[in-house]
Every structure is written in structure tokens, then in C-alpha cells.
Amino acid sequence: MDTERLFDFVSGLWDAEIVPQLVEYIRIPNKSPMFDAKWAEHGYMDAAVKLMEDWARSKLSQLPGATLEVIQLEGRTPLIYIEVPGASDDTVMLYGHLDKQPEMTGWADDLGPWKPVIKGDKLYGRGGADDGYAIFGSLAALLALHEQGVPHARCVVMIEACEESGSYDLPYYVDHLAPRIGNPSLVVCLDSGCANYDQLWLTTSLRGMTGGNLTVQVLEEGVHSGDASGVVPSSFRILRELLSRLEDPVTGQIKPKELYVEIPAQRVEQARVSAEVLGTDIYNKFPWVDGMQPVTKDLAELVLNRTWRPQLSVTGVGGMPPLDSAGNVLRPETSVKLSVRVPPTLSGAKAGEFIKQLLEADPPYGAKVTFKLEKDGSGWNAPQLSPWLEQAVADASQHYFGMPAAYMGEGGSIPFMGMLGEKFPKAQFLITGVLGPHSNAHGPNEFLHIPTGKKVTMVVAEVVARHFQEGSKA
């Protein structure tokens, strides 16, 4: 394979077609079902699917025998399913998603979640990097191989529309399509992150996630705080006490040992190496306020904290009026939305049930305490790379990034990976992505680093080609 020719083909396709398509995709507010209960009625998800479907269909003639189908099981989000015949019956699965996180506040004045803006080599807006580019990158990689006549195995592309809600629809599609999917020996996922834009980063693990809404109710209605304070316990104080069962309020460490696992020695060593490569960039990438510091200056510990240890985030609050309309009232209830990241090898479902029991048991003062679970996604720990894949990744990183490949776990979740790991235990995994420093997925000012998107596409093309070569030796 001519790597320079591959570079020119992929770069040209990104500039001429993929970036303009992503610009239009960013304009569509197709929030994941968890954040838009009327998503089907609004039609934004269908619009995003149509945009991707139309572009993909325009390329099928360049992939002989390729087929595309938009599948929608009753009551579920749609799924784009593409099959590309290959020179062998072995199967490569390429995965991505098209649903988006909600708007979030704090965008710069000239930016916005549904307002695509290109500044230099960055495309700003919600969803371009997470994970709108996946279908374009996957097909571009295959088109690049066909442009050179380089053989590859049969490829299946699956783009779901429920990932940001925990992929709860996806198992039904995997079962529905099982006879057509076959038994993939290589799974490619482009929904992960990179610790810098200088080299290829492979994701070695993903944390799971659980969480939901915790509500503490003490009254049927609000009352004068001067009359009730000191008599009626504050719902906020009780909520703080309950959260302290889960998290140490001083250190931020999760207290129950049931939410920890033993970290594999290889992952500890990889964390050490990643810390050496990245240095203080591990925490400097965040938009700290002046004088703020990370929880520790031990860089390897920071890597392990975000990849293998449980952590709590409070992501929403209910029952509190805005500051400018908050009177002297002892409020009847307080609610918070909890997002709990759990270690890669811990069951998300079991963790959620444990947390529910922990928070609801023996409520202080007899308050009405409810924890409504709404998230359940187990993590994933990658199998050891086969020698051919490890070498292919090393070569591809040098060819297109000019740097060695690096390995690190990710703190986020891709529920599909855990599911695939169970269904296809012998498969190899290439999990990577473009979400690097300051790209701020889920937050304000999210962007796609276009050069990294191009290079990741090139890496996928080379690895898929090497996968076929390895299979032909067997």
C-alpha cells in the first residue's frame, strides 16, 4: 500500500466532502433520547440519519456490492447498517454513533452547540468529534483501500442513535442482526479519546457508569425558614449526609470497597508510562480557575483515578429556585442527578443497585429518600493485542503521526464495547478517537481536531488492510 497516496486521498476527501457534511450535521440538534423525550416527534434524529445515509449511499458505487439499510425496530432509535463485501469471509466491524449530548451552557460568544464554526484546524459544535465523524471516517478508510485496489475482509459498519443514553437500544439490534453480522475478528471503534494530537492513542479500558436522580423530601410544601429552621431538617443537609455515605466530602474518594476492583499490573504500568509521556498536560488541558489544583500532583495516580477508580459527579440539581428568585423559604425537597463512573471490570448494574440500597437505607429523620436509577453501562478492559495488531498499530502511528503509538484507558463509557467483548471474546479491538485536549466533549466549545480525524482514518485503513494480510496467512 502506498501510504503517501493514502494520505492524499483521505485528506482530499475530508476537505472536499467530510468536513462540509459534518458542518451540516452539527446544525441538527439531534439530542439523545435521555435528553429529548420527544426525539421521534421532533424529527432531528431522522434528519441526522438522512444526512449520513445520503452521503454514504453516494459512495456505495465505489465499494462494489456494498449495501446500506436504515433499520428501526418498533419503539427504538434508528440504526444505520452497512455491509461491504471483502476478499475474505472474515469480518471487521466498524462502530460509531450519531446521537448527541445536550447543549450545555458556557459556550463562547461566537460559538454554540448547533452553530458550526471552523477556526484554523478545529471544527466547533456539538457532535462532530463525538461521534459524527465515525461513519465518514470508516467509509473513507475503505474507499482509500479500494482506490488502491488493496484487499480487505468483509466489513460491517454500525452507527447507532442511542449511545449517549447508554446504548439501551443497541442489544436489540445486535440480536436482530446477529446472523448478518457474523463473528467479527476485529472491532474498530472511533468514539474514544486521545491524550494529545501528536500520536495515535489506543484505548485499553473504559469505565462503566451508573447513576440517576436522588431526591430528599421533608415537607409537602415550602414554609417560612424563620419559622421552620431548627425544627424541620433541611432536605439539602440530609442530601449532603447521604452523599457522604458514598463519597468522602474532603478527599472525593469513593468510600465503599464494593465499588473498587484490583487494577491489573499491566494497566498500572501503562498509567506510569502515559504519565511520563504527558507530564502535567494530564491536568493542564482543563480550564482551571486561577489558583485551582488537581486532587494530587502524582501524575500516575491521576491517570488511574480517571480510568480505573470509581468517581462521583453531581451533574444536575432540582428543587432549588434561581438565585434571583430565592426567598426565605425552607424548601420541601432537593434533588440531584448523580453520575458515578465505575471501574472497567465492575458490573454497572450491580454497582447501581448497591448505590441505590446505600442511599435509600435508614433515611435520616425519616425523610422520604428515593434514588431512581436511569443509567446502567458496564465498562470494558481490552484483551491483549495480537502481535500483528500491535505491529500494525505501531507502523500506522509512525506513518501518519510520525510518533510511536501510546496506550491508556479512558474515563468515559462506550457501552457497546463491553457488550461486544462478551459476545465476541476472541475479537481484537482497535479503539481510538479524536477527543483530545480542550476538545471538551459534552461541554461547551466542543471541537473536532480535523488533522487528527484525517490521521485516524488513515490508521484505520492501514490496520484493516493488515488484518486481511494476517488472515490470508492462516
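In the block above lies the structure referred to throughout.
Residues numbered from 1 in each chain as written. Predicted model: local features only at pLDDT ≥ 70, side-chain atom pairs only at ≥ 80, totals over all residues. Heavy atoms only, no water.

A. Representation of the sheet that holds strand S17 (residues 428-435) within the structure. A sheet is described by the order of its strands in space; here 6 strands give the open sequence S1-S2-S6-S3-S7-S17, paired in mixed fashion. A single partner strand is all that each edge strand has here, and the edge strands are strand S1 (67-71) and S17. Looking at each pair of strands side by side, their axes are set apart by 20 degrees on average, direction ignored. As defined by bridge partners, strand S3 (residues 91-97) adjoins strand S7 (residues 186-193) across 4 bridges and the pair is classed as parallel. Of the residues in S7, the one forming a bridge with methionine 93 is valine 187. Docked against the sheet, helix H5 (residues 170-181) engages S1, strand S2 (79-84), S3 and strand S6 (154-160), running at close to 165 degrees with respect to S6. (Pairing = 2+ DSSP bridges. Helix = DSSP H or I, 4+ residues; strand = E, 2+ residues; numbered from the N terminus. Axes fitted to C-alpha atoms, helices over the stretch in contact; angles between N-to-C directions. Contact = heavy atoms within 4.5 Å.)

B. Quick peek at the pattern of salt bridges. Using the criterion set out here, one finds 24 salt bridges in the structure. Two residues, aspartate 15 and lysine 454, come together in a salt bridge whose shortest N-O distance is 2.9 Å. Pair noted here: aspartate 15 is in helix H1 (residues 3-26) and lysine 454 is in helix H14 (residues 450-473), with a separation of 439 residues, a long-range link. Residue lysine 454 is classed as buried on the basis of its relative accessible area of 14%. For lysine 50, the salt bridge is made with aspartate 54, and the minimal N-O distance between the two is 2.8 Å. Here lysine 50 pairs with aspartate 54, and both are found in helix H3 (residues 44-59), just 4 residues apart, close to one helical turn. Taking the relative accessible area as the measure of exposure, lysine 50 reaches 45% and is therefore partly exposed. One continuous salt-bridge network, built from bridges that share partners, spans Glu69, Glu83, Arg154 and Arg180. (Salt bridge = Lys/Arg side-chain N within 4 Å of Asp/Glu carboxyl O. Buried < 20%, exposed > 50% of the residue type's maximum accessible area, 1.4 Å probe, protein only.)

C. The arrangement of the packing of helix H7 (residues 235-246) against helix H11 (residues 348-360) in detail. The contact between H7 and H11 brings their axes to 9 Å, and the two run at 140 degrees. Comparing the axis directions of H7 and H11 gives the class oblique. In the packing of H7 onto H11, the handedness of the crossing is right-handed. Side by side, H7 and H11 meet where Leu242, Arg245 and Leu246 of the first sit next to Ile355, Leu358 and Leu359 of the second. Taken together, the residues that form the contact of H7 with H11 break down as 5 nonpolar, no polar and 1 charged. (Parallel < 35°, antiparallel > 145°, perpendicular 65-115°, else oblique. Left-handed = near helix turned anticlockwise from the far one by under 90°. Nonpolar A, V, L, I, M, F, W, Y, C, P; charged D, E, K, R; others polar.)

D. Structural detail: a nonpolar patch on the surface. Together, Phe236, Val314, Val317 and Met320 give the surface a local cluster of nonpolar side chains, amounting to about 340 Å² of exposed area. Checked against the element boundaries, valine 314 lands in strand S11 (residues 311-318). (Patch = residues over 30% accessible without salt bridge, like charges linked within 9 Å, V, L, I, M, F, W, Y side chains within 5 Å. Areas by Shrake-Rupley, 256 points an atom, 1.4 Å probe, with all protein chains shown as cover.)

E. Representation of the environment of proline 171 within the structure. By the secondary structure assignment, proline 171 is in helix H5. Separated by 248 residues in the primary sequence, proline 171 and methionine 419 place their C-alpha atoms 7.8 Å from one another.

F. Layout of the pairing of strand S9 (residues 208-217). Of all 10 residues making up S9, 9 are buried, and the element is well covered by its neighbours. Where S9 and strand S13 (residues 333-342) come together, 10 bridges link them in antiparallel fashion. The partner of glycine 208 across the bridge, within S13, is valine 342. The pairing of S9 with strand S14 (residues 368-377) spans 9 bridges and is antiparallel. Residue pairing in the sheet places leucine 214 in a bridge with phenylalanine 371 of S14.

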